[in-house]
Amino acid sequence: MAIVELIFVAFLLSIIHIVQHFRKTMSYWKVRGVKHIPPLPVVGNMLRAFKFDRHFFHVYNKMYHAFPEERMVGMYEFTTATLILRDPELIKTVLVSEFSTFPDRGPIMFNPGCILYWSIFSLGGNKWRAIRSKLLTPFTTGRLKLILPSVTRSCLEFLESGPKELTLDILRQLTLRIFSQTMFGIDIKSEEAEFLENYRGMLSVSKSKVVQQVGLTFFPRFSDFMSFKFMPIHLEKYFRSFLNAILNKKMDDSSWRDDAITILNEMRKRGKVHFHDKEKDMEELFDFNDELAQAQAFLLLFAALEPSSITLMHLAYDLAQSPDSQNKARQEIKALLQKYGGYSWECVKEMKYLNCCLKETLRLHPPLQFLNRVCNKDTELGGVKLDKGTRIVVPLQNLHLDPNYFSDPKKYKPERFLDEKIHQFIYLPFSDGPRICLGSRFFIMEALTLFAHILEKFELSISKEMKLPLKYEPITVFLTPKINNPVIIHLKKIN
Ligand code: HEM
């Protein structure tokens, strides 16, 4: 056979092999009898996402609503088989009961070299457990009680500055101040402007950024070849040197006990982090270096700042839109302040109605719209056999707006958290199980304290500059209002 014919046959065989491979991959759900929308070759069910005109979660939205009777729905994120859960029992299995089979988030958009690559958000196994258990220390009830006066001082300082409105930028600045003081033990004011400018740079959206983030998640080898990055190198350098300076400055300072930087520095000094594996009754030691310390510090800062400020802004928006809820919350706050004579821990804990308002805001606008997991071995879920590596998605936004679980689901109705039975594994703004948000209780304390201060003194209304209804940016990681029509809440002093 001539060489040309040989090359032709080899080429043909490769094509047949590739086609067969794709056919097998794209029949994953069909073979298992899981309902799904038939995928296109290579892009799977992701074509819609490439129009960049709707939020990513709309892809899950379509799948969620396509099969309303199903407990789970299959889809293809490009060539990755993903299972979307619609049933609370299955969600409980993945997040809690069978956590050891679904412990990690799986493919993630942080490139090796990215500051977040070694954070507990992307780490798995016992190294994740070891570091996470140390990072719980700054968030214990005892410590939250201790830092409440500092949070109160920051709120008062903010109100004394005579604010006229609430915007995402203003709330970011405030949450940065509160967080850096109470969790990093530093006063950030002198570096605040530069930090926020770089931070906004990191969050800015563009199609090229989304392509890189999607590439890093689903095509890591190709992305590595193309040198795709989660954030530009100059921002990466800035954040590393910013955090390094904080870590080094605080190395010998113990003015705040048990803040996150002190905990990270203790691990850095030892160079090791220890974990006792109860199941295997085994001690394990992991290296802990500067890279790991920077990664956790950045994760805490980023995880605290963005979802918190976005939620505070949505809470202001919801209360401005619902004067009745605003008044009820204000009456409750005034009565409690009289009862306790100030912002004590007990007083903040008893703000039940304001807490319902916050819960309802998190139901309508969960900043993270979905949770993701991956199974670490071949397994079975709800009678369906799953191969190791299958991706699982819990679509929070869809579950929170499902009329099967919430009456009149698009309406802002804080009372539902007093009157209705809320299913624990349907309402999950902070998730559940061993990977549950680390800072949820800190955030709730911060939000209640801040809004009690604001509602005590101000009436909230939507500014005339904002066009209603509220719409979201199509391509951000967190659920963010349109940049060209930001949320602006007018503050009117109450006499
Ligand atoms: C409105 C505020 C917040 C919301 C809605 C929120 C929500 C979430 C969600 C949904 C997750 C993913 C959990 C999972 O995959 O099961 C998460 C993880 C995490 N959050 Fe939050 N969060 C908030 C504020 C905070 C704050 C204030 C901090 C810290 C100071 C924080 C630190 C973290 C960390 C470290 C993780 C990773 C946990 C792990 O993988 O072990 N979050 N958060």
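Per chain, residue numbering runs from 1 following the sequence as it is written. Predicted model: local features are reported for residues with pLDDT of at least 70 only, side-chain atom pairs are reported and counted for 80 or more only, and whole-chain, interface and lining totals are derived from all residues. With hydrogens and water stripped out, all remaining heavy atoms of the structure feed into the side-chain values.

An unreviewed UniProt entry annotates the protein as Cytochrome P450 originating from Nezara viridula. Of the protein, the UniProt comment under Cofactor (unreviewed entry) reads exactly: "heme". UniProt positions are given in the numbering used here, feature names are shortened, and annotations may be inferred rather than shown by experiment.

Caption draft 1: Quick peek at the coordination of the iron atom of the ligand. Here a donor is an N, O or S atom found within 2.8 Å of the metal, or within 3.2 Å if the metal is Na, K or Ca; sites may look incomplete because water is not among the atoms. Just one protein atom coordinates the iron atom of the ligand, and that atom is Cys437 (SG), at 2.3 Å. In this text, helices come from DSSP runs of H or I with a minimum length of four residues, and strands from runs of E with a minimum of two, each type numbered from the N-terminal end. Here cysteine 437 is to be found in the loop between helix 18 (416–419) and helix 19 (440–457).

Caption draft 2: Molecular detail of the side chain of asparagine 485. Considering the arrangement of structural elements, one finds asparagine 485 in the loop between strand 10 (458–462) and strand 11 (489–493). Owing to a relative accessible area of 13%, asparagine 485 belongs among the buried residues under this scheme. Contacts of asparagine 485, omitting those with residues within four sequence positions, involve Glu465, Met466, Lys467 and Pro469. Remark: exposure states derive from per-residue accessible area (1.4 Å probe, protein chains only) relative to the maximum for the residue type, with buried under 20%, exposed over 50%, and partly exposed in between. Any pair of residues with heavy atoms lying within 4.5 Å of one another is described as a contacting pair.

Caption draft 3: A look at the site of the ligand. If even one non-hydrogen atom of a residue comes within 4 Å of a molecule or strand, that residue is called near it. Around the ligand sit 27 residues in total, of which Arg105, Arg132, Arg373, Ser431 and Cys437 are the nearest. Arginine 105 places a polar side-chain atom, nitrogen or oxygen, 2.8 Å from an oxygen atom of the ligand. One of the side-chain N or O atoms of arginine 373 is found 2.6 Å from an oxygen atom in the ligand. Ranked by residues supplied to the shell around the ligand, first place goes to helix 13 (residues 290–321) with 6 residues. In the analysis that follows, any N or O atom pair within 3.5 Å is treated as a polar contact, provided that within protein one partner can donate a hydrogen and the other can accept it, and provided that, for residues neighboring in sequence, both atoms belong to side chains.

Caption draft 4: Structural detail: helix 9 (residues 207–218). For helix 9, spanning 12 residues, the distance from its first C-alpha to its last is 16 Å, which sits close to the expected 16 Å at 1.5 Å a residue. Each element contacted by the buried residues of helix 9 is listed here: strand 1 (72–77), strand 2 (80–85), helix 8 (189–203), helix 10 (220–225) and strand 9 (391–394). In this analysis, the expected span of each helix is defined as 1.5 Å times one less than the number of residues it contains.

Caption draft 5: Just the packing of helix 7 (residues 168–183) against helix 8, in detail. Here an axis means a line fitted to C-alpha atoms, over the contact stretch when the element is a helix, while the angle between two N-to-C directions is reported on a 0 to 180 degree scale. Interhelical geometry of helix 7 versus helix 8 gives an angle of 125 degrees and a closest axis separation of 11 Å. Viewed along their axes, helix 7 and helix 8 adopt a mutual orientation that is oblique. For the crossing formed where helix 7 meets helix 8, the hand is right-handed. Across the interface between the two elements, Asp169, Arg172, Gln173, Leu176 and Arg177 from helix 7 touch Lys189, Glu192, Phe195, Leu196, Tyr199, Arg200 and Leu203 from helix 8. In this count, Pro and Cys sit with the nonpolar residues alongside Ala, Val, Leu, Ile, Met, Phe, Trp and Tyr, while Asp, Glu, Lys and Arg are called charged and the others, Gly among them, polar. Residue composition of the contact of helix 7 with helix 8, grouped by class: 5 nonpolar, 1 polar and 6 charged. By the definition adopted for this analysis, an angle is roughly parallel if under 35 degrees, roughly antiparallel if over 145, roughly perpendicular if from 65 to 115, and oblique otherwise. By definition, turning the near helix anticlockwise from the far helix through less than a right angle yields a left-handed crossing, and turning it clockwise yields a right-handed one.

Caption draft 6: Fine view of the pattern of salt bridges. Here, a salt bridge means any side-chain nitrogen of Lys or Arg that lies within 4 Å of a carboxyl oxygen of Asp or Glu. A full pass over the atoms with the stated rule returns 21 salt bridges. A salt bridge links glutamate 70 to lysine 35; its shortest N-O distance comes to 3.4 Å. Here glutamate 70 is found in the loop between helix 3 (57–66) and strand 1, whereas its partner lysine 35 is found in the loop between helix 2 (28–32) and helix 3, with 35 residues between them in sequence. Looking at glutamate 70, the relative accessible area reads 26%, which means it is partly exposed. Its relative accessible area of 41% is what places lysine 35 among the partly exposed residues. Of the charged contacts, one joins arginine 172 and glutamate 306 as a salt bridge, the two residues approaching to 2.9 Å between their closest N and O atoms. Of this pair, arginine 172 sits in helix 7 while glutamate 306 sits in helix 13, placing them 134 residues apart in sequence. Accessibility assignment for this pair places arginine 172 and glutamate 306 in one class, buried. Linked by salt bridges that have partners in common, Glu360, Arg363, Lys413, Arg416 and Glu420 make up one network.

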